[in-house]
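Summary of the model geometry
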Amino acid sequence: MDEAKTLQYYKLFENMSRLITTPEVFQREAFIKVLVDICKLFNIAKGTTSIYKSEALESRGEGEFICDYDNGHGDKLVLEKRIVTKYGYIIVGKLYASNDAVTLTSDELDKLSIIELSLLAFIGRNRMQEALEKIGYYDEFNYPNLRFYFRTLDKLNYEGKLPGMSAMHFNIRQLSIYNRELGRNQADIAMRNYYNVFVDIIGSEGTICRLGGDNFIGIFRKDRFEKIVSAIAGTPVSFSADLTKQIVMSSCAGIYHIPEDFVYEGPDQIISKIMFASQSAKQQGTSDYMVFDKEMTGIREKMLTIQTLFPQALKNKEFKVYYQPKVNILTGEIVGAEALCRWFHNGKMISPADFIPVLEQKTDICKLDLYMLDLVCKDIRRWLDTGMPHIRVSVNLSRKNLMDINLLDKVIEIIDGNNVPHKYIEIELTETTTDVEFRDLKRVANGLQQQGICTSVDDFGVGYSSLNLIREIPWNVLKIDRCFLPSDEDNEYSNTPIMYKHVIEMAQEIGLECITEGVETAKQIEILRANKCHIAQGFYFDRPLPVEEFDKRLKQRFYEI
Ligand code: C2E
Ligand code: MG
Ligand code: MG
C-alpha cells in the first residue's frame, strides 16, 4: 500500500471508529459514506452482513441478511469474518471483489480484517441494545410499558417541555365483556385499534403506554385534549382483520394538566395524580373522565392521612363495633343484629362512609374486617356465656377480601378461636363488578355455606345487582336496600312499590330470608307487613348502638310495636 493510500485508510478508519464508538455523533448517512469510501479504497465490490440468533438458526440459514454495499461486480469472496456475541448472536460479514480486481496484499487484508471485525462488533452491540430495548421498554404484546413512560417523562423534562402537557391514565370500559362476547383475539384487535387512535392523536410529542390489562397511561400536548376526551368518550374501532366489524370502545380516565410552574421531581408525582383522578372518575361513575384539580388535592391528602393513621389506629383499638338490631315486625323481637364499624380518633367519631372507601383502595380493609369479626365473636361468646338471648350477627366483608385465597381459613380460625358456633355468624357481601370477582364471590359464598355460616346479599337494589347474582349463588338472606323501599312520598304512579313487592315474592319463593334495611317510619313498617317482609333494620327501631346500649336492648329482647 502506498503512503497516500495508507494515509487515507487511517483517516477513514478514524472516522468510522468515531462514528461507531460515540452514539451521540452517529449518523447513518455519514456512516454509509465511510463504508462506501472504504470499499472503494480496497476495490471491494460488495459487502454483506448476516445475523443469526443462534447457531442452530445459522445452520439452517434462518437469519437476517443485509447488503451494505453492492456495485454489481462482487463475484469473488475475498474476506469472511464471523463473531459470536456474548448473548449468542452470530454475525457473519463477507466482502467480495470483482473477478478482474487486483489481488489484495496480506497487509491490505489485515487492515480490512480489522475494519470488518470492528463493524461486526458494532452491529452486535446494536443488536444487543435493540433486544434490551425490546425487553426493557415493551411488554409481551409489544405495547410500550411503564419504563418507556418514565423515560419519556425524563426526556420531556430534560427538554423543558413538561409544563403545558397533559398526562392521563385510562381504563377501557367492559373489556372483560368484549373478551367474552367477541373472543380474546378479536377483543385484542379492537384494543390495539383503540390504542392506535390515541397514538394518532398524540403524534410524536408524547406517548401512550400500557400498564397491563386494560390500563393505559399517556402524556400529550394540551392542545390535543379535546380529541383525547372524545376518544375516551367512545370511538368506533374494528375488531376483524378485514375492518368490517366494529364496536364502539370507550374508557374511564383521569387527566392532569401539568401547570406552567411545575417542577418535576419524579414520575410518581404525575402518576399518583392521574391514577387518583381516574379512580375518582370510576367511583363517581357519571363522567368519562376527571381532571385532577385543587379540590382533589384536598381529598387525596385526607385519604393519605387515613391510610397513614390506619395501622396505628388498629393497634390502639380505635375501631369499635356498633350493633344495629334486626327486628321481627310481627312480634317486636330482636332476631339479629348487624355489626357496623366506628372509628374513634382524638375524641371524634369518624363514620364508615369517610374511611371504608379509603381503606378499600388498598387491602387495609381486609385487616379491619377480620378485626371486626373477632370483636363480634368475643361479644357473641360473652352473650352465650351470660345467658343473653342467642342471636345471629352479620358482619360486612368488603369485596376486596374475595381474592384472598385463604380468606375462608382466616374466617373460620377467628370464629373457632373464639369458640362461637358457626350458626351465629352471618357474612354480608355485596355484588361484584367483574367476572373474576364474581367467580371469587361464588367460591367464598359456597365455602362459607359449607361451614354452616350464613351469607347475605347486602344492599340489593343499589347499583346494578343482577338476577344472576341470586341465581348462581345459593344465598341465605337477601338484604333489600332502602332505595327499593317505598318512602312516605311515593305516590300511586311510582314503580318502587311494585318492584319492592315482586323482589320479596321472588326471594321468598326461592327460599331466601328477606330483610329490609333503612326502615325509618311507621308507614314503612306497614308496607313491610303488607308485603310479608317480616324482618326490618333501621332507625325506626334504633340507630347502630355501642355495645353497652345494645346489651340493654338485647336483655329487654322486644320492642314495643
Ligand atoms: P351497610 O352494610 O349497608 O350498613 C347499613 C348502613 O345503613 C349503616 O351505615 C347504617 O347506619 C345505615 N342505616 C341503618 N338504618 C338506617 C335508616 O333507617 N336510615 C338511614 N338513612 N340509614 C340507615 P353506616 O354504619 O354508616 O355504614 C355504612 C356502610 O359502611 C355500610 O353499609 C357498610 O357497607 C360499610 N361498613 C360499615 N362497617 C363496616 C365494616 O366493618 N366492614 C366493611 N367492609 N364495611 C363496613
Ligand atoms: Mg351491611
Ligand atoms: Mg346494606
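Residues numbered from 1 in each chain as written. Chains lettered and ligands numbered in written order. Predicted model: local features only at pLDDT ≥ 70, side-chain atom pairs only at ≥ 80, totals over all residues. Heavy atoms only, no water.

**A short note on the site of ligand 1**
In the vicinity of ligand 1, 23 residues are found, and the nearest of them are R342, D369, D458, E520 and F539. Between ligand 1 and C341 there is a distance of 3.1 Å, counted from a nitrogen atom to a backbone nitrogen or oxygen. Between ligand 1 and E517, the relevant distance is 3.3 Å, taken from an oxygen atom to a side-chain nitrogen or oxygen of the residue. Burial of ligand 1 by the protein amounts to 81% of the accessible area it has alone, namely 800 Å². Of all the secondary structure elements, the ones that give two or more residues to the shell around ligand 1 are β13 (334-345), α11 (352-359), α12 (364-385) and β17 (454-460). Per-element tally for the shell around ligand 1: the top contributor is β13, with four residues. Here the residues of the shell around ligand 1 are counted per class, giving nine nonpolar, five polar and nine charged. (Near = heavy atom within 4 Å. Polar contact = N/O pair within 3.5 Å; in protein donor to acceptor, adjacent residues only side chain to side chain. Areas by Shrake-Rupley, 256 points an atom, 1.4 Å probe, with all protein chains shown as cover. Helix = DSSP H or I, 4+ residues; strand = E, 2+ residues; numbered from the N terminus. Nonpolar A, V, L, I, M, F, W, Y, C, P; charged D, E, K, R; others polar.)

**A few points about the packing of aromatic side chains**
Applying the stated criterion across every chain, the model contains 28 aromatic pairs. For the pair Y195 and F216, a centre-to-centre distance of 5.9 Å together with 40° between the ring planes defines the contact as tilted. A residue pair is termed long-range when its members are at least 10 positions apart, and Y195 in helix α7 (residues 184-202) and F216 in strand β7 (residues 215-221) qualify at 21 residues. Here the two residues Y195 and F216 agree in accessibility, since each one is buried. Among the aromatic residues, those joined into a cluster by ring pairs are Y143, F170, Y194, Y195, F198 and F216. The ring of Y96 carries K46 above its face, with NZ or CZ at 5.0 Å from the centroid. Seen from the ring of Y256, K273 lies directly overhead, with NZ or CZ sitting 5.3 Å from the centre. (Phe/Tyr/Trp six-rings, centres within 6.5 Å; stacked < 30°, edge-to-face > 60°. Buried < 20%, exposed > 50% of the residue type's maximum accessible area, 1.4 Å probe, protein only. Lys NZ or Arg CZ within 6 Å of the ring centre and 35° of its normal.)

**Brief notes about the pairing of strand β12 (residues 319-328)**
The side chains of a regular strand alternate, residue by residue, between the two faces of the sheet. For β12, the tally of buried residues reaches nine of ten residues, placing the bulk of the element in the interior. Here nine bridges tie β12 to β13, and the two strands are oriented antiparallel to one another. Bridge pairing links K320 to R342 in β13. Between β12 and β13, which follow one another and run antiparallel, lie five residues, and G332 among them has a positive phi close to 85°. One ladder, built from two bridges, connects β12 with strand β21 (residues 545-546); its direction is antiparallel. Across the sheet, residue Y322 finds its bridge partner in β21, namely P546. Here two bridges tie β12 to strand β20 (residues 535-537), and the two strands are oriented antiparallel to one another. For N328, the partnering residue across the bridge sits in β20 and is I535. (Pairing = 2+ DSSP bridges.)

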